[in-house]
Every structure is written in C-alpha cells, then in structure tokens.
Amino acid sequence: MSGPTLVRTRLELAAHLAAARRTGERVALVPTMGALHDGHASLMRLARERVGAGPVVVSVFVNPLQFGEAADLDSYPRTLEADLEVCAREGVDVVFAPGVDEVYPGGEPQVTVHPGPLGDVLEGRTRPGHYRGVLTVVAKLLGLVRPDVAVFGQKDYQQLVLIRRMVADLCLDVEVVGAETRREDDGLAMSSRNVHLDPEQRLQAVALSRALGAAADQASFGAKVALDAAREELRDAAGVDLDYLEVTDPALDVLPDDPAAGTEARALIAARVGSTRLIDNVPLVLGVPAAGPASSPSSTDPHQE
Ligand code: PAF
C-alpha cells in the first residue's frame, strides 16, 4: 500500500496537481483539521467516487482563525502520523498539511469572508467569529487546490449550509458534497473531539443522539412535538450541559407556523459534556408517519446528499 504524498507548501501542492490539470482529470478536496476517524474516511471514499482516477487531496490544517479560546486551539488533537495512515488506507493521493505561516503568510488576514446573519445563530451565537474563520480558510483552500468537488460532513450542518451559501454567493466554481454523519454503534456522532471524553462522559454523550432520535420519531406530529420529545429525552440526562436544541428549516431559517405535511426540517443540538463541546443534527420530515420502526439516528445509513 503506497501512501499519499505529504506536501507542506503551496508550491509543492501546485507541482503535484499540475499533471492532473494538464490531463483534465477531476480533482477532489476533503478539508479537515486532522485527528481523522471513520467519518473522515467516508468523506474520502465519497471524494474518490466523485473523481474516479483523479487526485483526492486531503488538507490537514488546524485553523487558528476559527478558534475563539486559545486553550481550545492548543488542546485540539494533532495526530499527523495516524492521519497519514487513514489517508493511505483510503487511497488518498495528496495530504496537504501546511503550517500556519503557509496559510496566513501575512499573519491574520485583513480581508476575510463574512458569513452574514447565518453566522450569528446556533454555533455562531456561542462561538462568535467561528464561521468567519471557517469560511476564510475554506475559501483559501479552494483557491489553493482548485478542486472540482469538495466534500464536507453534515455533522457540522451549519458549516455545510454556510459553505454552500459562500460558493453560491461568491460564484465559486466547485461542487460541494455533504456526507451523512457517521455514528458509533450507540448513535454518538463521530467527532475528533470525542477523544476528550472520559469513559463516563462517553456514556453521557449519547444523550445528544438519543434526543435527536426522539425528535425524528415524533416528527410526524409536527415540529413542536418533535422538539418536546427531544427535550424530554434530555431532562434527566446526567452530565449534559445543553447549549441549544432547535428545529429549523433545512436552510436554517425559521420554519413556517403551520408547515405542510412532508415539510423538511433539521433538528440541531449542541451541549458540553464535561469540558467537551459536542454538536449533532438530523433531518426531519414533518407531518408524515415514519415508514419503519421507531428510529434513532442510524450508525450505518450511508445516505448522502
Ligand atoms: O470541519 C472542519 O474540520 C473545519 O471546520 C474545516 C472545514 C476543515 C475548516 O477548517
């Protein structure tokens, strides 16, 4: 198994992608902050499906611009050796792991991508400036790699919505693919932050996906009933410090007062378990009885959009 080429600079990256550009091969980018897990691996597989024999590039960059607290940035797991192994297993061609100076050569950039009002709700309320940092680095990575396809997980659903919005509003020439959240067997969404949970917190953390599962189960009775069911599920959840639990429309707008049967929605949750902040979300279809038995977010559903 030959591993991916590790490149550290923009010049090396350009040199490695030159052949693909000459021959017109499609290029895929999977932007990550490293600490790769099975969820990331599924993004890489999706990227491969989209570009066939063309190069799949994984970027590994812990972006200081999207962290509020220095402590959070410092404690973010950095595991490049293990990340390279995950990328090798998934047949990734290039891992782009630049240093901070390579991405921000002039220090903090003066011109950044402002997310607009959607950057101030949900995650943005608790993490001011976070999505400005995310969009700025994603715009840079798109500019450096110039991929045909970029793959992001749906776990940070607000991020995915904002990236799609940026690509549309700034006419960026890339297809954005959102991949279904991968889950542990008990339903916990896979996340690089899960390594910070001790065994007791790991058990407590499953309350988030349980609450979302309860919302999905009750969605046929409408958004309010779904939300109440999720709240009820959290009522006695030990160790879970809820930040938000909301049901919105798929674009994160407020739902209409009386949505028609079949209206699509999204249930989103964020909470601290110990000192670890976790987020999760699921799609809902309002007013339509679920087809199968009562569900919680599945650990195996490979659906993607
Ligand atoms: O989702 C992430 O890992 C990061 O926010 C991203 C998209 C790689 C930007 O730093």
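Residues numbered from 1 in each chain as written. Predicted model: local features only at pLDDT ≥ 70, side-chain atom pairs only at ≥ 80, totals over all residues. Heavy atoms only, no water.

### Comments concerning the sheet that holds strand E9 (residues 276-285)
Strands pair in a sheet through their backbones, by hydrogen bonds, and they do so in one of two ways: parallel or antiparallel.
Working step 1: Strand order across the open sheet formed by three strands is E7-E8-E9, with antiparallel pairing between neighbours. Every other strand in the sheet has two partners, leaving strand E7 (240-248) and E9 as the edge strands with one partner each. Averaged over all adjacent pairs, the angle separating strand axes in this sheet is 15°, with direction ignored.
Working step 2: Here strand E8 (residues 264-273) pairs with E9 via ten bridges, running antiparallel. When the bridges of E9 are listed, Glu264 appears paired with Val285.
Working step 3: Where helix H11 (residues 223-235) meets the sheet, it contacts E7, E8 and E9, and its direction lies at approximately 170° from that of E7. (Pairing = 2+ DSSP bridges. Helix = DSSP H or I, 4+ residues; strand = E, 2+ residues; numbered from the N terminus. Axes fitted to C-alpha atoms, helices over the stretch in contact; angles between N-to-C directions. Contact = heavy atoms within 4.5 Å.)

### Here we look at helix H10 (residues 206-218)
Residues spaced three or four apart along an α-helix point in a common direction, a consequence of the helix completing one turn every 3.6 residues.
Working step 1: The end-to-end C-alpha distance of H10 is 19 Å, a good match for the 18 Å that 13 residues give at a rise of 1.5 Å each.
Working step 2: Residues Val206, Ala207, Leu208, Ser209, Ala211, Leu212, Gly213, Ala214 and Ala215 constitute the buried set of H10.
Working step 3: Among the structural elements, helix H9 (199-204), H11, E7, E8 and E9 are those in contact with the buried residues of H10. (Expected span 1.5 Å × (residues − 1). Buried < 20%, exposed > 50% of the residue type's maximum accessible area, 1.4 Å probe, protein only.)

### Some details on the packing of aromatic side chains
Working step 1: One pass over the full model with this rule turns up two aromatic pairs.
Working step 2: Seen in terms of ring centroids, Phe61 and Tyr104 are 6.2 Å apart; in terms of plane orientation they differ by 50°. Their pairing is tilted. Taken as a pair, Phe61 in the loop between strand E3 (56-60) and helix H3 (70-75) and Tyr104 in the loop between helix H5 (100-103) and helix H6 (123-126) lie far apart in primary sequence, 43 residues in all.
Working step 3: For Phe61, a relative accessible area of 5% gives the class buried.
Working step 4: Of the residues examined, Tyr104 reaches a relative accessible area of 6% and is grouped as buried.
Working step 5: Seen from their ring centres, Phe67 and Tyr76 are 5.7 Å apart, and the 75° between their planes marks the pair as edge-to-face. (Phe/Tyr/Trp six-rings, centres within 6.5 Å; stacked < 30°, edge-to-face > 60°.)

### What about the UniProt feature "binding site: beta-alanine" (unreviewed entry) in the chain?
Working step 1: Here, UniProt's "binding site: beta-alanine" (unreviewed entry) annotation points to Gln66.
Working step 2: Take Gln66: it is sitting in the loop between E3 and H3.
Working step 3: Engagement of the side chain of Gln66 in a polar contact is seen with the side chain of Asn63, the distance being 2.9 Å. (UniProt positions renumbered as here; feature names shortened; annotations may be inferred. Polar contact = N/O pair within 3.5 Å; in protein donor to acceptor, adjacent residues only side chain to side chain.)

### Regarding the site of the ligand
Working step 1: Neighbouring the ligand are the residues Pro31, Thr32, Met33, Gln66, Val137, Val138 and Gln159.
Working step 2: Side-chain polar atom of Gln159 to an oxygen atom of the ligand: 2.7 Å apart, as the coordinates give it.
Working step 3: Elements with a contribution of two residues or more to the shell around the ligand: strand E2 (28-32) and helix H7 (130-145).
Working step 4: Residues belonging to the shell around the ligand are distributed by class as follows: four nonpolar, three polar and no charged. (Near = heavy atom within 4 Å. Nonpolar A, V, L, I, M, F, W, Y, C, P; charged D, E, K, R; others polar.)

### Looking at the side chain of Arg193
Working step 1: The topology assignment puts Arg193 in the loop between strand E6 (175-179) and H9.
Working step 2: Once residues within four sequence positions are removed from consideration, Arg193 is found in contact with Phe67, Asp72, Tyr76, Arg127, Thr276, Arg277 and Leu278.

### Details of the pairing of strand E5 (residues 149-153)
Working step 1: Among the five residues that make up E5, four are buried, leaving the element largely enclosed by the rest of the structure.
Working step 2: Pairing of E2 with E5 involves two bridges; the strand directions are parallel. Along E5, the bridge assignment pairs Leu29 with Ala150.
Working step 3: As paired strands, E5 and E6 are joined by five bridges and run parallel to one another. Bridge pairing in E6 links Gly153 to Ala179.

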